Amino acid sequence: MESLIERLPNVEALVERAQTITLELIQTAITQRGQFTIALAGGSTPKPLYEHLATQSLPWDKIHVFWGDERYVPPTHPDSNERMARQAWLDHVPIPPENIHRMPTESPNPADSAQAYEQHLRTFFGDAEIPSFDLILLGIGDDGHTASLFPHTAVLNVCDRWVDVGYRGIDPRITLTIPLLNQARHILFMVAGASKETALAAIFADNTNPFDYPARFIRPVGQLQWLIDQAAGQNLNLSVGP
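These lines cover the structure that appears in this document, whether it is placed above or below. Here the structure is a predicted model, which means the values were calculated and not measured. Along each chain, residues carry numbers from 1 onward, in the same order as the chain's sequence is written. The model is predicted, so local features are restricted to residues of pLDDT at least 70 and side-chain atom pairs to those at 80 or more, both for listing and for counting; the totals for chains, interfaces and linings are taken over all residues. Calculation of side-chain values draws on the structure's entire complement of heavy atoms; hydrogens and water are dropped beforehand.

1. Details of the layout of surface pockets
Here the term cavity refers to a set of points on a 1 Å grid, laid over the protein atoms alone, in which a 1.4 Å probe fits but cannot get out; the term pocket refers to an open set having protein on both sides within 12 Å along at least five of seven lines, with lining residues being those that place an atom within 4 Å of a point. Grid points are joined across faces, edges and corners, and a volume is the space filled by probe spheres set on the points. One number sums up the size of the largest pocket: a volume of about 480 Å³. Around the largest pocket, the lining comprises 26 residues; the ones closest to its centre are G42, G43, I140, G141 and H145. The helix and strand labels rest on DSSP assignments: H or I over at least four residues marks a helix, E over at least two residues marks a strand, and numbering proceeds from the N terminus. Those elements that place two or more of their residues in the lining of the largest pocket are strand 4 (69-71) and strand 5 (135-138). Its residues assigned to classes, the lining of the largest pocket shows 9 nonpolar, 10 polar and 7 charged. Amino acid classes used here: Ala, Val, Leu, Ile, Met, Phe, Trp, Tyr, Cys and Pro are nonpolar; Asp, Glu, Lys and Arg are charged; the rest, including Gly, are polar.

And the structure:
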């Protein structure tokens, strides 16, 4: 399936569009399957989306929240993706605690935590050979990474696990793997800021090596959609796709 690419004039318009898409997917998933599963992104770009979702009246008992990746810090740490999502969104809505599926970061061994989260996913999704999230939110870093899939790291070669350890330098992170990400029904990239312009251009170029810019590995069986603000995409040729 080809990418859907939208260039928005500013971050505010990007967030508004992301909210519209998310609300539509929530309604569709609950109507068709009785629940909605979402994997969250960290970083500053999706935070306003979470703040908007916190104001909505939704069937929270049917919404299950997961994470696409997590820094290996306690959930109270300022760098924690879970902490950000809770403060911006989850602590402000009556979502059942058991519907919040946090990535564990307590074990001294990050690999044990990755394995524990994969087992949790297997229990939740049941007999699925590999589960399909209704929506996975992603961004990109200035280096073209997405989730915690960093350039030229071992996790990019993982094809037999759903969750593994990704490294930024020597710092471990827990991340969903490429095969699991690519099974999503809908992946939504939110990309904003002039600092992303170079990486974005490389991701959309015809011959870029995905090991250099790992976001190019994301080719889901479902819909791939990019929301790009003017600053990030001002020189992007939107006639081509990753």
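2. With respect to the side chain of T177
Position of T177 among the secondary structure elements: in the loop between strand 7 (171-176) and helix 5 (178-181). Buried residues are those whose accessible area, probed at 1.4 Å on protein chains only, stays under 20% of the maximum for their type, while exposed residues exceed 50% and partly exposed ones sit between those limits. In this structure T177 comes out as buried when scored by relative accessible area, which is 0%. Any pair of nitrogen or oxygen atoms within 3.5 Å is treated as a polar contact; in protein, a donor-acceptor pairing is required on top of that, and neighbouring residues in sequence qualify only through side-chain atoms on both sides. At 2.5 Å, the side chain of T177 and the backbone oxygen of R161 are in polar contact. Here, two residues are considered to be in contact whenever any of their heavy atoms come within 4.5 Å of each other. Not counting the four nearest positions on each side in its chain, T177 is found in contact with V158, R161, W162, V163 and D164.

3. Quick notes on the sheet that holds strand 8 (residues 186-191)
Two strands qualify as a pair provided DSSP detects at least 2 bridges between them. One open sheet accounts for 6 strands, arranged 1-9-8-5-2-3; its pairing is parallel. Each end of this open sheet is capped by a strand with a single partner; those strands are strand 1 (4-8) and strand 3 (63-67). Strand-to-strand twist in this sheet, taken as the mean axis angle between neighbours without regard to direction, amounts to 20°. Taken strand by strand, helix 4 (residues 110-125) contacts strand 2 (36-40) and strand 3, and its axis lies near 160° from that of strand 3. Structural elements are reduced to axes, namely lines fitted to C-alpha atoms, with helices fitted over the stretch in contact, and the angle between N-to-C directions of any two is expressed from 0 to 180 degrees.

4. Side note on unusual backbone geometry
Of note, A147 is a non-glycine position whose phi angle comes to about 50°, a positive value. In this structure, A147 sits in the loop between strand 5 and strand 6 (163-168). Look at H152: it is not a glycine, yet its phi comes out positive at around 55°. By the element assignment, H152 lies in the loop between strand 5 and strand 6. Relative accessible area serves as the criterion here: at 55%, H152 is assigned to the exposed category.

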